[in-house]
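So the chains spell out like this:
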Amino acid sequence: MELIQDTADLSAYLEADEVIDHHHPVVRATAARLAEDVADSYGYARAAYEFVRDRVPHSADAGDPRVTWRASDVLALRTGICHAKAHALAALLRAEDIPTALCYQRLTHDDGSGYVLHGLVAVRFRGAWHRQDPRGNKPGVDARFSLDGERLAWVPDPASGEADHPVLYAAPHPAVVGAMKAAPDRPHLWRTLPDAF
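Quick caveat, the model's predicted, so the values are computed rather than measured.

1. Considerations on the nonpolar core
Generally speaking, soluble globular proteins have nonpolar side chains that are buried together.
Here comes step 1: If you look at the biggest cluster of nonpolar residues, it comprises 47 residues, and the most contacted ones within it are Tyr44, Leu92, Leu93 and Leu102.
Here comes step 2: Counting only elements with at least two residues in this core, the list comes to α1 (25-35), α2 (41-55), α4 (71-77), α5 (82-95), β2 (100-108), β3 (115-125) and α6 (174-182).
Here comes step 3: In terms of residue count, the dominant contributor to this core is α5 (nine residues).

Here is the structure:
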């Protein structure tokens with residue numbers, strides 16, 4: 001699949017906004033801690049990925065009903081769904097000047113009751129984009145940071161109506177953010193997250 005930037009301006013993938021608030025003190029402090037023990041931007045990207053994947057539990061796995069959507073809140077409260085974790089990782093990477101995009105997959109809902117959008121990021125290294133999935137591992141899910149072939153949580157099954165979305169967004173999709181902001185809790189969010197856009 002060819003990944004497609006939604007803007008030709010690479011600097012857009014470094015910007016801060018209300019969701020990817022990488023100038024927030026919590027994001028900056030986390031980034032500074034992660035940067036202490038690495039030699040280069042690749043090492044930092046891997047460390048940031050593994051931190052979000054492993055140290056910020058996926059709220060469904062943890063049974064946490066809270067909904068976080070702003071990167072600084074995800075890092076402060078240490079909880080979030082895939083989209084929230086993607087926002088946190090994007091903020092940590094952009095804090096260290098690593099171009100990062102938001103991207104999506106359409107997957108079958110865990111209970112088989114339709115579809116849901118799954119959130120990922122893509123990082124720019126070696127002149128190309130590389131998708132990464134910070135969702136968090138569990139039995140049956142073994143996502144890893146990789147620039148040499150994707151190691152995502154899931155590979156969509158087109159025969160089942162699942163799909164990879166090729167667009168790399170500089171900002172999180174408004175339909176996703178809108179559903180997250182409006183949700184009083186995660187069960188409500190599961191019912192209102194879009195499955196396509």
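2. Quick word on the pattern of salt bridges
Here comes step 1: The final tally for this structure, using the stated rule, is 13 salt bridges.
Here comes step 2: A salt bridge links Arg70 to Glu18, with the shortest nitrogen-to-oxygen separation between them at 3.7 Å. In this pair, Arg70 is assigned in the loop between α3 (59-62) and α4 and Glu18 in the loop between β1 (4-5) and α1, connecting sequence segments 52 residues apart.
Here comes step 3: The partly exposed category is assigned to Glu18, whose relative accessible area is 44%.
Here comes step 4: Arg144 serves as the salt-bridge partner of Asp142, at 3.0 Å between the closest nitrogen and oxygen.
Here comes step 5: Since its relative accessible area comes to 37%, Asp142 is described here as partly exposed.
Here comes step 6: Of the residues examined, Arg144 reaches a relative accessible area of 39% and is grouped as partly exposed.
Here comes step 7: Taken together, the salt bridges that share partners define one network made up of Glu18, Arg70, Asp73 and Lys181.

3. Some words on the packing of aromatic side chains
Given two aromatic rings, one states the distance between the centres and the angle between the planes to describe the pair.
Here comes step 1: Enumeration over the complete set of coordinates arrives at five aromatic pairs.
Here comes step 2: Taken together, a centroid distance of 5.7 Å and an interplanar angle of 50 degrees make the contact between Tyr49 and Phe145 tilted. Of the two residues, Tyr49 sits in helix α2 while Phe145 sits in the loop between β4 (128-132) and β5 (163-164), which places them 96 residues apart along the sequence. Across the pair, Phe145 and Tyr49 agree in class, each one buried.
Here comes step 3: The rings of Tyr42, Tyr49, Phe125 and Phe145 are connected pair by pair, giving a single aromatic cluster.
Here comes step 4: Arg106 extends its terminal NZ or CZ atom over the ring of Tyr115, reaching a point 3.7 Å from the ring centre.
Here comes step 5: Geometry around Trp69 places Lys181 over its ring, the cationic atom sitting 5.0 Å from the centre.

4. Digging into the layout of surface pockets
Over the atoms, a rolling probe the size of a water molecule traces out where space has been left empty.
Here comes step 1: Each pocket or cavity is described by its volume, and for the largest pocket that value is around 320 Å³.
Here comes step 2: The set of elements that each furnish at least two residues to the lining of the largest pocket consists of β2 and β3.
Here comes step 3: Here the lining of the largest pocket is composed, by residue class, of nine nonpolar, four polar and three charged.

5. Quick look at the environment of Tyr44
Here comes step 1: Its place among the elements puts Tyr44 in helix α2.
Here comes step 2: Look at Tyr44 and you get buried, because its relative accessible area is 2%.
Here comes step 3: Sequence separation of Tyr44 and Leu117 is 73 residues, and the distance between their C-alpha atoms is 28 Å.

6. A few points about the state of the cysteines
Here comes step 1: Counted under the stated rule, the structure contains zero disulfides.
Here comes step 2: Considering cysteine sulfurs only, Cys103 is the nearest to Cys82, which forms no disulfide, with 11 Å between them.
Here comes step 3: Accessibility expressed as a relative area gives 8% for Cys82, which makes it buried.

7. Comments concerning the pairing of β4
Here comes step 1: β4 sits mainly inside the fold: four of its five residues count as buried.
Here comes step 2: Pairing between β3 and β4: five bridges, direction antiparallel. Counterpart to Ala122 in the pairing with β4 is Arg131.
Here comes step 3: Here β3 folds back onto β4 in antiparallel fashion, the turn holding two residues, of which Arg126 has a positive phi close to 55 degrees.

Cut-off values and rules
- Residues numbered from 1 in each chain as written.
- Predicted model: local features only at pLDDT ≥ 70, side-chain atom pairs only at ≥ 80, totals over all residues.
- Heavy atoms only, no water.
- Core = buried A, V, L, I, M, F, W, Y, C linked by side-chain atoms within 4.5 Å.
- Buried < 20%, exposed > 50% of the residue type's maximum accessible area, 1.4 Å probe, protein only.
- Helix = DSSP H or I, 4+ residues; strand = E, 2+ residues; numbered from the N terminus.
- Salt bridge = Lys/Arg side-chain N within 4 Å of Asp/Glu carboxyl O.
- Phe/Tyr/Trp six-rings, centres within 6.5 Å; stacked < 30°, edge-to-face > 60°.
- Lys NZ or Arg CZ within 6 Å of the ring centre and 35° of its normal.
- 1 Å grid on protein atoms, 1.4 Å probe; cavity = no way out; pocket = protein on both sides within 12 Å on 5 of 7 lines; lining within 4 Å.
- Points joined across faces, edges and corners; volume = space filled by probe spheres on them.
- Nonpolar A, V, L, I, M, F, W, Y, C, P; charged D, E, K, R; others polar.
- Disulfide = S-S within 2.5 Å.
- Pairing = 2+ DSSP bridges.

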